[in-house]
Number of protein chains: 2
Amino acid sequence: MTNKNESITRQEDDFAQWYTDVCLKAELMDYSSVKGFIIYRPYGYAIWENIQKYLDEKFKYVGVENVYLPLVIPTSLFQKEKDHVVGFAPETLVATKGGKNDLDDPLIVRPTSETLFCDHYAKIIKSYRDLPKRYNQWCSVVRWEKTTRPFLRGSEFLWQEGHTMYETAEEARKDALRMLEIYDAAGRDLLAIPFVKGIKTEKEKFAGAVETYSIEALMPDGKALQSGTTHYFGDGFAKAFGIQFLGRDNKLETPHQTSWGVSTRLLGAIIMVHGDDNGLVLPPHVAPIQVVIIPVQQNKPEVMKKAREYYEFLKAAGIRVKLDDSDHTPGWKYSEYEMKGVPLRLEVGPRDISNGVAVIAKRNDGEKFIVKEADVLSEVSRLFEVIHKEMYQKAFRYLLDHTTEAHSIEELGQIFDRGGYAKVMWCGDQECENKVKELYQATARCMPFDQNPFDEKCLICGKKAEKVVFFARAY
Amino acid sequence: MTNKNESITRQEDDFAQWYTDVCLKAELMDYSSVKGFIIYRPYGYAIWENIQKYLDEKFKYVGVENVYLPLVIPTSLFQKEKDHVVGFAPETLVATKGGKNDLDDPLIVRPTSETLFCDHYAKIIKSYRDLPKRYNQWCSVVRWEKTTRPFLRGSEFLWQEGHTMYETAEEARKDALRMLEIYDAAGRDLLAIPFVKGIKTEKEKFAGAVETYSIEALMPDGKALQSGTTHYFGDGFAKAFGIQFLGRDNKLETPHQTSWGVSTRLLGAIIMVHGDDNGLVLPPHVAPIQVVIIPVQQNKPEVMKKAREYYEFLKAAGIRVKLDDSDHTPGWKYSEYEMKGVPLRLEVGPRDISNGVAVIAKRNDGEKFIVKEADVLSEVSRLFEVIHKEMYQKAFRYLLDHTTEAHSIEELGQIFDRGGYAKVMWCGDQECENKVKELYQATARCMPFDQNPFDEKCLICGKKAEKVVFFARAY
């Protein structure tokens, strides 16, 4: 395909600018008058709604219940868990005035809600019979960021945050892993994005967590994007908040906690992993519009009649379909819906009608099909699966091609310069981790569950290697 | 029914305390450590989710698109429309610190988002082709309240706020009325609550609106509860924000605006309108649990087997069903689900099984049915409709019985003391409105669409009457 959309920067010219162009031109978002805060426009928000719907169903299936906790956290409450404060305090938005009065205990606009959940759990958990508690909320959070980029890093973003309490450490750890599986499945089945799953190093884990697990996606510019995390907290927060329950043996015990979240950052992943020089390319299962119908010579009554027939028929079959009967030219419309990444375009022209066919074009590779009228629905359904698989496999091949074992420190630099993950044998010492960052501005993304060690020595210091770590430059 | 739940106050002893007791004991909400901010617990939030689902579908059907705009509004932007500032400024929460710095332009946590929507619309509306715009967002808003009550008045509440722009005043006014119809339908079809629909007086309308329409519900303590509003703004905000579009005649024009919203206040209406001394009574279509199955003598294997069969069967049929197999006594469970207002209880005991029947009890009036096993699903479905109708009609009768024409100022006081609406002939003068408030602490709830005037003179001043107004004491 040639680049019909001259209005956007080409990826190879400036990937960062291409990204911003797509965000704006595909009408996913707009900047607001509040610095660092974006507007989620209908087309962008609809993608998020589809992600929400998928995850919410999965969460409920495993017994998670939705709740809503306050938007603000009193400073005194926020300070109860020490590591947590240190991690978040520098990037909080703080309200100091309510009505006409200055607040005695200023209110922090939630950057995350561990403290509020713990405060609530301390009130409602009394007995082992009250466990487990598995709560989730869909909301926005605020982190006061100096440099922001649409969906990737913003002063406010939309997310879900799950917070659980269990009787035992085993159950809690299992929860953190189960939720990671659900996120991974969303990548595989909904977003067509392969993730690397693993556990974070001590240096990279969440403020206050014992263990942090993550899914990491790889962008076409070779940088990693942390796309979701789950945390096992042990009983640290629970102790700080005095949460105790009467156990099965009639003794007071402290519960074990997890939290987990994904955010609108996933939109950034979708845009980058799949997009091209004509704009967005959306996987069919998450696309707000799955099929756009474009009438050719729409002034002819039989064309509009047939286009409406297809529209009603596909809609009734549960397909998210749009008929564009605006007075723009078909060429303009082709570009517009390519920019918006609509997976399938169905063209209806007078000649097609007399031949009893329609033309269907795939957004992801431009392939066209002439389809008999009677086969349109089955062909559309079939192509959704084909497209999804093609998009996933393309991203997966890229991931494989850009995951390289590093056998020397020099090679490490070459891997990062080419882009992608360096698989590194590591002794476990934070100094070695720091050294990679100093040398190459790359961080330990995770220690993947599939370890497959390939050397016995730490790449950096030469001591005994303990772990395989994926290092990369990252968003 | 006798009051099995001795733990809650009786309505006739102290209605306000009864309300608070139900909110807490039915586990709809809890207080948080943030004064005036409540926690929406799973059972309460699930009711809100059902309301969201109903409304979101209706909104989308009429072409509304969901978006998400920033949580905070720069003070300078907030001050652009004068009436609006005066109306909201005294009750705002203001953030003055971001990260380590004091903010030059302090950020108001949104109490409502007209200003942000106008700011965005000014950027994206250029031509009549861009109209109408019909955006909605589901979010929370903050209004710094001195006295708060669960769901009825809080410093933070959940709501949806729709904001639209149209080419003409006629279209915009029609939108405000159409959305009011949707809210009214939710009362009739989902919540089993009859509303009085009408237009607000000048004194009672929204800050900055030309016209405010509202739905008003009547509580069993005789007080009115404003349950939803829609506003026609004319072009006042649009002018203040410089929103202009190139019209069909190629001239610059100013669009016409509406906004509309309902909130978690509706939960307060449900609780009060339907509740009784045993707790909550939920209309079936909005109930998170529609049927609770309670095994009697659940230690007998055939009882649990049959209970599970019913559970799986009803669940597969799309009924929201819960099987309580906890080790509490059946009596405890009866009370618990009465408190939680579950519309139907299905009892399964050994004798029922050998008779090939189950016992179904209605929460709203305690009526019991012995139902053949094969008829359980059809009977459950039938009873949902019966219950819904009974609950609606009971509330409607109460509304009729407590809506009274006032023929003298003294009678007006008697009406308010008995509770309910006084229908008042009114000249339209705000002084007369003020006088009613001074004398009886009652406000003009709305001028109902069904006017039916019954006198020619203003009840208060005796001048020519222009309108029928419903006055009431209100939440």
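What you see is a predicted model, and the numbers here were worked out from it, not measured in a lab.

**Concerning the overall build of chain A**
Here is step 1 of the chain: Of the regular secondary structure elements, chain A holds 14 helices and 23 strands.
Here is step 2 of the chain: Relative to the 2.2 N^0.38 estimate, which gives 23 Å for 475 residues, the radius of gyration of chain A is 25 Å and therefore close to what a compact globule would have.
Here is step 3 of the chain: Each principal axis of the C-alpha atoms in chain A carries an extent, and together these give about 80 × 60 × 50 Å.
Here is step 4 of the chain: A total of 475 residues make up chain A; the buried ones form 49% of that total.
Here is step 5 of the chain: At a minimum sequence separation of 6, the contacts of chain A that also span at least 24 residues come to 68%.

**Description of the sheet that holds strand S23 (residues 467–472) of chain B**
Here is step 1 of the chain: The strand order across the open sheet built from 11 strands is S3-S7-S8-S14-S11-S10-S9-S22-S23-S21-S20 (chain B), with neighbouring strands paired in mixed fashion. Of all strands in the sheet, those with a lone pairing partner are strand S3 (65–66) and strand S20 (403–405) of chain B, marking the two edges.

**Overview of the packing of helix H2 (residues 42–61) of chain A against helix H6 (residues 169–191) of chain A**
Residues and elements named next belong to chain A.
Here is step 1 of the chain: In the contact formed by H2 and H6, the axes pass within 11 Å of each other and the chain directions differ by 135°. One way to sum up the angle between H2 and H6 is to call them oblique. In terms of crossing hand, the pair formed by H2 and H6 is right-handed. For the pair H2 and H6, the contacting residues are Ile51, Tyr54, Leu55 and Lys58 in the first and Ile182, Ala186 and Leu190 in the second.
Here is step 2 of the chain: Looking at the contact of H2 with H6 residue by residue, the class counts come to 6 nonpolar, no polar and 1 charged.

**Regarding unusual backbone geometry**
Here is step 1 of the chain: Of note, the bond from Leu131 of chain A into Pro132 of chain A is cis; its omega dihedral lies within 30 degrees of zero at -5°.
Here is step 2 of the chain: Tracing the backbone through its elements, the reader meets Pro132 of chain A in the loop between helix H5 (114–124) and strand S7 (133–142).
Here is step 3 of the chain: At Asn250 of chain B, a residue that is not glycine, the phi angle is positive and equals roughly 70°.
Here is step 4 of the chain: Tracing the sequence through the fold places Asn250 of chain B in the loop between strand S12 (245–246) and strand S13 (252–253).
Here is step 5 of the chain: Phi at Gln297 of chain B takes a positive value of approximately 60°, unusual for a residue other than glycine.

**Here we look at the relation of the copies chain A and chain B**
The two chain copies are connected by a rotation around an axis plus a translation along it.
Here is step 1 of the chain: Least-squares fitting of chain A to chain B yields an RMSD of 0.0 Å, with the transformation described by 0.0 Å of translation along the axis and a rotation of 180°. The transformation relating the two chain copies, once decomposed into turn and shift, fits a two-fold axis. When C-alpha positions in chain A are compared against the rotation axis, the closest is assigned to Ala95 of chain A, at 1.8 Å.
Here is step 2 of the chain: A share of 100% of interface residues in chain A that are also interface residues in chain B marks the association as one of identical surfaces.

**Notes on the domain arrangement of chain A**
Here is step 1 of the chain: Partitioning chain A into structural domains gives domain 1 (15–274), domain 2 (291–382) and domain 3 (404–472).
Here is step 2 of the chain: Using C-alpha coordinates to define each centre, domain 1 of chain A is positioned 40 Å away from domain 2 of chain A.

**A few points about the interface of chain A and chain B**
Here is step 1 of the chain: Facing 42 residues of chain A, the contacting portion of chain B comprises 42 residues.
Here is step 2 of the chain: Broken down by element, the residue count for the side of chain A that touches chain B peaks at 6 residues, all from strand S5 (residues 93–98) of chain A.
Here is step 3 of the chain: Looking at the side of chain A that touches chain B residue by residue, the class counts come to 24 nonpolar, 8 polar and 10 charged.
Here is step 4 of the chain: Taken together, the 5 bridges between S5 of chain A and strand S5 (residues 93–98) of chain B define a ladder with antiparallel strand orientation. Paired with Ala95 of chain A across the two strands is Ala95 of chain B, which belongs to S5 of chain B.

**Focus on the pairing of strand S23 (residues 467–472) of chain A**
Where a strand is regular, its side chains alternate between the two sheet faces.
Residues and elements named next belong to chain A.
Here is step 1 of the chain: As defined by bridge partners, strand S21 (residues 421–426) adjoins S23 across 5 bridges and the pair is classed as antiparallel. Paired with Trp426 across the bridge in S23 is Lys467.
Here is step 2 of the chain: Here 3 bridges tie strand S22 (residues 443–448) to S23, and the two strands are oriented antiparallel to one another. Within S23, the position partnered with Thr443 by the bridge is Ala472.

**Notes on helix H1 (residues 15–25) of chain A**
All names here are of chain A.
Here is step 1 of the chain: When H1 is considered as a whole, its buried residues turn out to be Trp18, Tyr19, Val22 and Cys23. Within H1, the buried residues cover an arc of 135° as seen down the axis, which keeps them to one side.
Here is step 2 of the chain: For H1, the secondary structure elements touched by its buried residues are strand S1 (29–31) and helix H8 (265–274).
Here is step 3 of the chain: At the C-terminal side of H1, Glu27 shows a positive phi close to 60°.

**Remarks on the environment of His256 of chain A**
All names here are of chain A.
Here is step 1 of the chain: Of note, His256 is situated in strand S14 (residues 256–263).
Here is step 2 of the chain: Separated by 17 residues in the primary sequence, His256 and Lys239 place their C-alpha atoms 9.7 Å from one another.
Here is step 3 of the chain: Contacts of His256, omitting those with residues within four sequence positions, involve Tyr166, Thr168, Ala169, Ala172, Gly234 and Asp235.

**Notes on H2 of chain A**
Here is step 1 of the chain: Under the 1.5 Å per step criterion, the end-to-end length of H2 of chain A is 28 Å for 20 residues, consistent within 8% with the ideal 28 Å.
Here is step 2 of the chain: Considered for burial, the residues of H2 of chain A that qualify are Gly44, Tyr45, Ala46, Ile47, Trp48, Ile51, Leu55 and Phe59 of chain A.

**Quick word on the sheet that holds strand S19 (residues 368–372) of chain A**
Residues and elements named next belong to chain A.
Here is step 1 of the chain: Strand order in the open sheet made by the 5 strands is S16-S15-S17-S18-S19, with mixed pairing throughout. Only two strands of the sheet have a single neighbouring strand rather than two, namely strand S16 (321–323) and S19. Each strand axis lies, on average, 25° off the axis of its neighbour in the sheet, ignoring direction.
Here is step 2 of the chain: The sheet contact formed by strand S17 (residues 344–348) and strand S18 (residues 357–362) spans 4 bridges and is antiparallel. Bridging from a neighbouring strand, Arg345 pairs with Ala361 of S18.
Here is step 3 of the chain: Relative to strand S15 (residues 291–295), helix H9 (residues 301–316) is tilted by about 170°, and along the sheet it contacts S15, S16, S17 and S18.

Scoring rules and cut-offs
Residues numbered from 1 in each chain as written. Chains lettered and ligands numbered in written order. Predicted model: local features only at pLDDT ≥ 70, side-chain atom pairs only at ≥ 80, totals over all residues. Helix = DSSP H or I, 4+ residues; strand = E, 2+ residues; numbered from the N terminus. Rg over C-alpha atoms; globule rule 2.2 N^0.38 Å. Buried ≥ 20, exposed ≤ 12 C-beta atoms within 10 Å, placed from the backbone. Contact = placed C-beta atoms within 7 Å. Pairing = 2+ DSSP bridges. Axes fitted to C-alpha atoms, helices over the stretch in contact; angles between N-to-C directions. Parallel < 35°, antiparallel > 145°, perpendicular 65-115°, else oblique. Left-handed = near helix turned anticlockwise from the far one by under 90°. Nonpolar A, V, L, I, M, F, W, Y, C, P; charged D, E, K, R; others polar. Least-squares fit on C-alpha atoms with pLDDT ≥ 70 in both. Domains from an automatic or database assignment. Arc of directions from axis to C-beta. Expected span 1.5 Å × (residues − 1).

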